[in-house]
Amino acid sequence: MLHIKCPYCGLRSQNEFSYGGDATVKRPELNKEVSDQDWDNFVYLRKSPKGKHLELWQHISGCRQWIKVERDTLTHEIFKTLKATEEV
Amino acid sequence: MPENFRLDKGGLINRDKKISFKFNGKKYFGYEGDTLASALIANGVHLVGRSFKYHRPRGFFGAGVDEPYAIVQMTRNNEIDPNVRATEQELFEGLEAKSVNCWPNVDFDIGAINNFLGKFFPAGFYYKTFMWPKSFWYKVYEPIIRKAAGFGAASIKHDKEKYEHKYEYCDLLITGSGPSGLASAYAAAQNGAKVILAEDKPRFGGSLLTSEVTIGNKSGKEWSEEMIFNLKSMPNVIVKNRSQVFGYYDHNMLVMSERVSDHLPTTDKYIPKQRLWYIRAKEVVISSGSIERPLVFGNNDTPGVMLSSAAKEYLKVYGVLVGKKPIIFTNNDSGYETALEFKKNKIEPIVLDTRKDTNSEIIKEAKELNINIKFSYVVVAAKGYKKVKSADIARISDDKKSIEKIENIKCDCICVSGFWTPTIHLASQSGNKTKFNEEIDAFIPSQSKQNETTLGSANGVFTLEETLKTSFSKGEELSKKITNKDNKITVPTVVEKKSSNHDKFWCVPLPEGKNYKRFLDFQNDVSVSDIHLALREGYRSIEHVKRYTTLGMATDQGKTSNLNGLQLVSDVENKLVPQVGHTTFRPPYTPVSIGAIVGREIGKHSKPTRKSPMHYWHEKNNAVFVDAGVWLRPRYYKQGNENLFEASKREAKNVRQNVGVCDVTTLGKIDIKGPDSAEFLNRVYTNAWLKLPIGKARYGVMLREDGIVMDDGTTTRISENHYHMTTTTAQAANVLSHLEYYLQLVWPELNVNVVSSTEQWAGAAIAGPKSRNVLQKLFPDLDVSNQGLPFMGYMEGNLFGVNAKIFRISFSGELAYEVNVESDNGNFMWEKIMEIGKEFNIQPYGTEALSTLRIEMGHVAGSELDGRTIPYDNSLEGLVSKKKDFIGKRSLSKKAYIEPDRQKVVGVVPLDKKTSIPEGSYIVKDANAKLPNPKLGHVSASCWSVEYDNPFSLAIIKNGKNMIGQKLFALSPLKNKTIPVEIVSSHYVDPKGERVRS
Ligand SMILES: [Zn+2]
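Notes on the structure in this doc start here. (Residues numbered from 1 in each chain as written. Chains lettered and ligands numbered in written order. Predicted model: local features only at pLDDT ≥ 70, side-chain atom pairs only at ≥ 80, totals over all residues. Heavy atoms only, no water.)

### Things to note about the overall build of chain B
Rules: Numbering goes from the N terminus for both helices and strands, where a helix is a DSSP run of H or I of at least four residues and a strand is a run of E of at least two. Note on exposure labels: buried denotes an accessible area under 20% of the residue type's maximum, exposed denotes more than 50%, and partly exposed covers the range between, all computed with a 1.4 Å probe on protein chains only. Contacts between residues were defined by any pair of non-hydrogen atoms, one from each residue, lying within 4.5 Å.
When helices and strands are tallied, chain B shows 23 helices and 50 strands. Summarising its shape, the C-alpha atoms of chain B cover approximately 115 × 70 × 55 Å along the three principal directions. Evaluated residue by residue, chain B yields a buried proportion of 59% over its 998 residues. The long-range fraction of contacts in chain B, counting pairs at least 24 apart against all pairs at least 6 apart in sequence, stands at 66%.

Structure, rendered in structure tokens:
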């Protein structure tokens, strides 16, 4: 079970969090032309890297904040955790 | 009177307390402090089971966790416990156990014929034998295998025992209380670290209990007792026996199973049977010791052949002789310790040492005691079926390739010692890249991945002096990192015997003309010839060989077999062991009971049960409840002998004719506040939200980014910057996360806050043509006329002194209102509604009637919004704004979503107006078409229309828009039904929606 450091609450067990996928995906802006390709990439295409991965987790049983977690998908090492608005 | 194998004195058992127990129905006696195994051996019982594949007789091989044979089925506290290792089960008064894997009994076992049909059970026999014919599998092979295989039978009754989970944090978790565990724990504890010391056995001390050493001026055992006494007196230390750390998971999370009550006849009232500890440790010390390796020779699975260390343990801990004419067969000095122990108790052992004459300290001592030692000798084969009676022995050549003339000597046990295998399971589980140590012919931990340190013989260190030195200093070092204290401990002086090198020899060659079975894996019956065969058949990777032969795959996880298996593969393949590599160790290290894993999360405790504030009223009024997510909701209110169908029909009809009231507390509610709330809703919902006036509600649909409908519900503007959103019961939590996602990550510039208010409000839906009459009487001061409170209007009122929110919204399609009050006032509101509604024939209605009402109105719900449909499919396209952008909009222009024959929701009525259509039925054109019959769509929801008094269903079918009036078929292969149907509008009742506006 992972041990995730919520930037708001501190180190907590994984079972307080829910996983939210790739944190580097940027939603296309509203009311802008988006090509089919770009939209499909946004909705469906995700990398599945072996190694470092910046991902979203929500501290659902805690402060309910969405946070960013930089984690190694192979070793589960967590390098850093960030608030939603922070960049790596 | 059976022979007695108990010594007159000695051992750590309590001879003052005699205990009676039963094995296979027969009564025996043992002492407090015995295990089931030691007590049986003391009574001369050596036959305890049958082997897995060949049903060969099985005795005892070890004295602890590594035991591959002596697995029994126990009855304790009126509960059945399968898969219990007799070597670990402590004796208690009245214990009852029996053999497994034998039928009709352990002495005469029909399955043993497999032994003589051995050629039909080669490596991979499951894969080969039962392949053909296919139809035989279910009827013949599988039932036979089921009956013949397995280690015991689980009970099918509910387990009355209690299990619990515990979470703990510590600085150092130390797994094993042998010398390395005690020393590191003590050093760390002296430095002020929070320490948990876990010992699998009931007694602390590990190897110190059986070794002849002195530490300081004490014996090993005395020293361990003193250390435990000290540790127990320290407030920063938790010391646990009967506790197996079985799994090392990510981020230094370890799981330990504590057998709290298994050693007692019953479980005390407030005590669990077992407790599972989830321990998050900053540092982990693996001091799990090592397990003796078997030597491989003919019939080496015969009862009476056992590990030499186990024989010593039975002598020293339990005062029990495993035999009176022992052969010690060894390739190293450890065997001599057992020989000396026999000699000390006036038993004459014969030692067969595979090595040439050597003279280490202990061998000299054995020679001085005139112990019969035969160097360069091996056991070729054990003789005897249910118990060893003699051994074929022979001198072996210096190159260990050939044996000389075979001699037969009488014996009643053969104690084998093939040197030691460090217990590296936990280190390997944590991700440690282990390495092969050629000096000890075994793998030891190397580069740690997590914060784990392996000490003592688990790390391949076999001298006590070195173990204590490194363990004290590691304990200091690891704790210093955490506590910043630096308490140096003087390592006591150690007296121990110096050992000579072990012999790398491990497998006795077959004599000419003999093909004795030489077993590697004693639990899964994998022999040397099975591995040979697998290799001949082309299996190369050790992981494949393992799976094909099942080597090391039994419940003992190959604790005694893995290394010999690897040795064999490397010998045959002419590779070095490290090139072959070992298979992956996975948790659990020992079997863990399902009860312990589940803990207290059983039955209704497996998830929370949420009840509305009106729950007890429902209960009192004969509600039959149904699980709706985590909520319990009334499904119907039973009157007299009514069944579900009759009751729901009555309730729904009463709504259509008079007025009904339904508990809608479970609907998700989200409070939305902030100046940008309207803009936010406008982006979340598919329809327009910017111009919703204060005091008005609006129905909205929200999508996922892929265009699929996520949820629907009404949202009401309470004041300028305050909205009250409702969601479906099922999606409440997901919708909140969804909103938080967009507010926190995508549009953080929006000034909006959302919070769940589901539990703050109790809700009642009052529906039916007479609902306004009820409402007026509830709120006599309010103008609730069609003008005063129009459809989709909102008002606040005072319900006999209680603040209430009134929404004119409808799910039933009738004139309807939803009244919300603070949860604490829910029951008060409900009783008032019932009291006032009485004169209008009000009746409560449950979810079944609720479904009927919405289905015949064509209102889509969860069965249509099933995560596969877009707004068009649900005839919700009118709610999709063309002007503004919103979540998921871009996806709606996808080609598949705008096909002219896109699926759409329709109504379905059986032609005979009688036959109900099972939900999930296929809609097809031709009932007799060749299979697979092309499917137009499926029936999503069915009801009995109370308006028309015939069955009615909703279906989502291809080109639904143009199918109205078509005669098709509903096909239910599950219920074996073919029903001719007509497609009609999904809005079966009041298609113009006049009633809700009346
Ligand atoms: Zn948090």
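### Focus on the sheet that holds strand E49 (residues 967–972) of chain B
Residue and element names in this part refer to chain B. Threshold: Two strands qualify as a pair provided that DSSP identifies no fewer than 2 bridges between them. Only C-alpha atoms enter the line fits that serve as axes; for helices the fit covers just the stretch in contact. Angles between N-to-C directions range over 0 to 180 degrees.
Spatially, six strands are ordered E45-E48-E47-E46-E49-E50 in a closed barrel, and the strand pairing comes out antiparallel. For this sheet, the mean angle separating the axes of adjacent strands, direction not counted, is 45 degrees. Across eight bridges, the pairing between strand E47 (residues 937–945) and strand E48 (residues 950–957) is antiparallel. Looking at the pairing, Val939 lines up with Ala955 of E48.

### Examining the interface of chain A and chain B
As a measure of interface size, the accessible area lost when the parts come together is often cited. Which entries qualify depends on this criterion: Buried area: the sum, over both parts, of the accessible surface (1.4 Å probe) that disappears when the two are put together. The term salt bridge refers to a pairing of a side-chain nitrogen on Lys or Arg with a carboxyl oxygen on Asp or Glu at a separation within 4 Å. Identification of polar contacts relies on pairs of N or O atoms within 3.5 Å, with a donor-acceptor requirement for protein atoms, meaning one able to donate a hydrogen and the other able to accept it, and with residues adjacent in sequence counted only if both atoms are side-chain atoms.
Between chain A and chain B, the contact holds 28 residues from the first and 31 residues from the second. Carbon and sulfur atoms supply 52% of the area that chain A and chain B bury against each other, a total of about 2,400 Å² over both sides. Among the residues chain A hides against chain B, the three largest losses belong to Met1, Arg27 and Leu30 of chain A. Together they make up 26% of the total. Across the contact surface, chain A and chain B share three salt bridges. Two residues, Arg890 of chain B and Asp36 of chain A, come together in a salt bridge whose shortest N-O distance is 2.5 Å. At the junction of chain A and chain B, the tally comes to 19 residue pairs in polar contact (both at pLDDT 80 or more). Considering every element that reaches the side of chain A that touches chain B, the biggest residue donor is helix H1 (residues 36–43) of chain A, with four residues.

### Some thoughts on the packing of helix H12 (residues 528–536) of chain B against helix H13 (residues 542–549) of chain B
Residues and elements named next belong to chain B. The criterion, for reference: Each angle is binned into one of four classes, with values under 35 degrees roughly parallel, values over 145 roughly antiparallel, values of 65 to 115 roughly perpendicular, and all other values oblique. Handedness of a crossing follows from how the near helix is turned relative to the far one, being left-handed for an anticlockwise turn of less than a right angle and right-handed for a clockwise one. Residue polarity is assigned by list, with Asp, Glu, Lys and Arg as charged and Ala, Val, Leu, Ile, Met, Phe, Trp, Tyr, Cys and Pro as nonpolar; anything else, Gly included, falls into the polar class.
Here H12 crosses H13 at 120 degrees, and the two axes come no closer than 10 Å. As summarised for this structure, H12 and H13 are arranged oblique, according to the angle between their axes. Remark: the crossing between H12 and H13 carries right-handed chirality. Contacts between H12 and H13 pair Asp530, Ile531, Ala534 and Leu535 from the former with Val545, Tyr548 and Thr549 from the latter. Classifying every residue of the contact of H12 with H13 gives five nonpolar, one polar and one charged.

### Observations concerning the sheet that holds strand E3 (residues 18–22) of chain A
Taken in spatial order, the four strands of this open sheet run E3-E4-E5-E6 (chain A), and their pairing is antiparallel. Edge positions in the sheet fall to E3 and strand E6 (78–83) of chain A, since each has one partner strand and no second. Along the sheet, successive strands turn relative to each other by an average axial angle of 30 degrees, direction set aside. Note that E3 of chain A and strand E4 (residues 52–58) of chain A share three bridges and pair antiparallel. Directly across from Ser18 of chain A, in E4 of chain A, lies its bridge partner Gln58 of chain A. Strand contacts of helix H20 (residues 732–746) of chain B: E4 and strand E5 (66–72) of chain A, with the helix running at about 85 degrees to E5 of chain A, the strand carrying the most contacts.

### Observations concerning the coordination of the zinc ion
Note on metal geometry: ideal angles are 109.5 degrees for four donors arranged tetrahedrally and 90 or 180 degrees for six donors arranged octahedrally. Residues and elements named next belong to chain A. The following threshold applies: A donor here means any N, O or S atom no more than 2.8 Å from the metal (3.2 Å for Na, K and Ca); water is not included, so a site may seem to lack partners. Note on geometry labels: four donors, all angles 85 to 135 degrees, give tetrahedral; four donors become square planar and six octahedral when opposite donors are over 155 degrees apart and every other angle is between 65 and 115; remaining cases are irregular.
Each protein donor to the zinc ion is listed here as Cys6 (SG), Cys9 (SG), His59 (ND1) and Cys63 (SG); together their distances run 2.0 to 2.3 Å. For the zinc ion, the four donor atoms are set out with angles of 105 to 115 degrees between them, so the coordination reads as tetrahedral. In terms of primary sequence, the donors binding the zinc ion are separated according to C-x2-C-x49-H-x3-C. With a gap of 57 residues between them, Cys6 in strand E1 (residues 3–6) and Cys63 in the loop between E4 and E5 connect regions that are remote in the sequence. Cys63 gets classed as partly exposed once you look at its relative accessible area, which sits at 25%.

### Considering the packing of helix H5 (residues 179–190) of chain B against helix H6 (residues 220–232) of chain B
Residue and element names in this part refer to chain B. Two elements in contact, H5 and H6, have axes whose closest approach is 10 Å; the angle formed by their N-to-C orientations is 30 degrees. Seen along the crossing, H5 lies across H6 with a hand that is left-handed. On the side of H5, the interface is formed by Leu182, Ala183, Ala185, Tyr186 and Ala189, while H6 contributes Trp223, Ser224, Met227, Ile228, Asn230 and Leu231. By residue class, the composition of the contact of H5 with H6 is nine nonpolar, two polar and no charged.

### Notes on unusual backbone geometry
Working note: non-glycine residues mostly have negative phi, and peptide bonds are mostly trans. With omega at 0 degrees, the peptide bond leading from Pro587 of chain B into Pro588 of chain B counts as cis. Geometrically, the link from Leu931 of chain B to Pro932 of chain B is a cis peptide bond, its omega value of -5 degrees lying close to zero. Here Pro932 of chain B lies in the loop between strand E46 (922–924) and E47. Non-glycine residue Arg64 of chain A carries a positive phi angle of around 65 degrees. Looking at the secondary structure, you find Arg64 of chain A in the loop between E4 and E5. The backbone of His76 of chain A shows a phi angle near 70 degrees, a positive value even though the residue is not glycine. Looking at where His76 of chain A falls in the secondary structure, it is placed in the loop between E5 and E6.

### Some details on the packing of aromatic side chains
Keep this limit in mind: Aromatic pairing here means that ring centres of Phe, Tyr or Trp (its six-membered ring) are within 6.5 Å. Orientation follows from the plane angle: under 30 degrees is stacked, over 60 is edge-to-face, and everything else is tilted. A positively charged side chain is recorded as over a ring if its NZ (Lys) or CZ (Arg) lies within 6 Å of the ring centre. The angle to the ring normal must also be within 35 degrees.
A full pass over the atoms with the stated rule returns 23 aromatic pairs over all chains. Residues Trp223 of chain B and Phe472 of chain B carry aromatic rings whose centres are separated by 6.5 Å and whose planes lie at 80 degrees to one another, so their mutual orientation is edge-to-face. Of this pair, Trp223 of chain B sits in helix H6 while Phe472 of chain B sits in helix H11 (residues 464–483), and the two are 249 residues apart along the sequence. On the numbers, 4.0 Å between centres and 20 degrees between planes, the contact of Tyr539 of chain B with Tyr548 of chain B is stacked. By relative accessible area, Tyr548 of chain B is classed as buried at 8%. Following the ring pairs from residue to residue traces out a cluster consisting of Trp66 of chain A together with Tyr741, Tyr742 and Trp747 of chain B. Taking the ring centre of Phe5 of chain B as reference, the NZ or CZ of Lys324 of chain B above it sits at 4.6 Å. In this structure, Lys904 of chain B is placed above the aromatic ring of Tyr872 of chain B, and the distance from its NZ or CZ to the ring centre is 3.7 Å.

### Comments concerning the pairing of strand E21 (residues 377–383) of chain B
Residue and element names in this part refer to chain B. Along E21, six of the seven residues are buried, which leaves the element largely enclosed by surrounding structure. By the bridge criterion, six bridges tie E21 to strand E22 (residues 390–395) in an arrangement that is antiparallel. Note that in E22 the partner of Ala382 across the bridge is Ala391. Taking the residues that link successive antiparallel strands as the turn, the E21-E22 hairpin has six residues, and the phi of Gly384 there is positive, at about 115 degrees.

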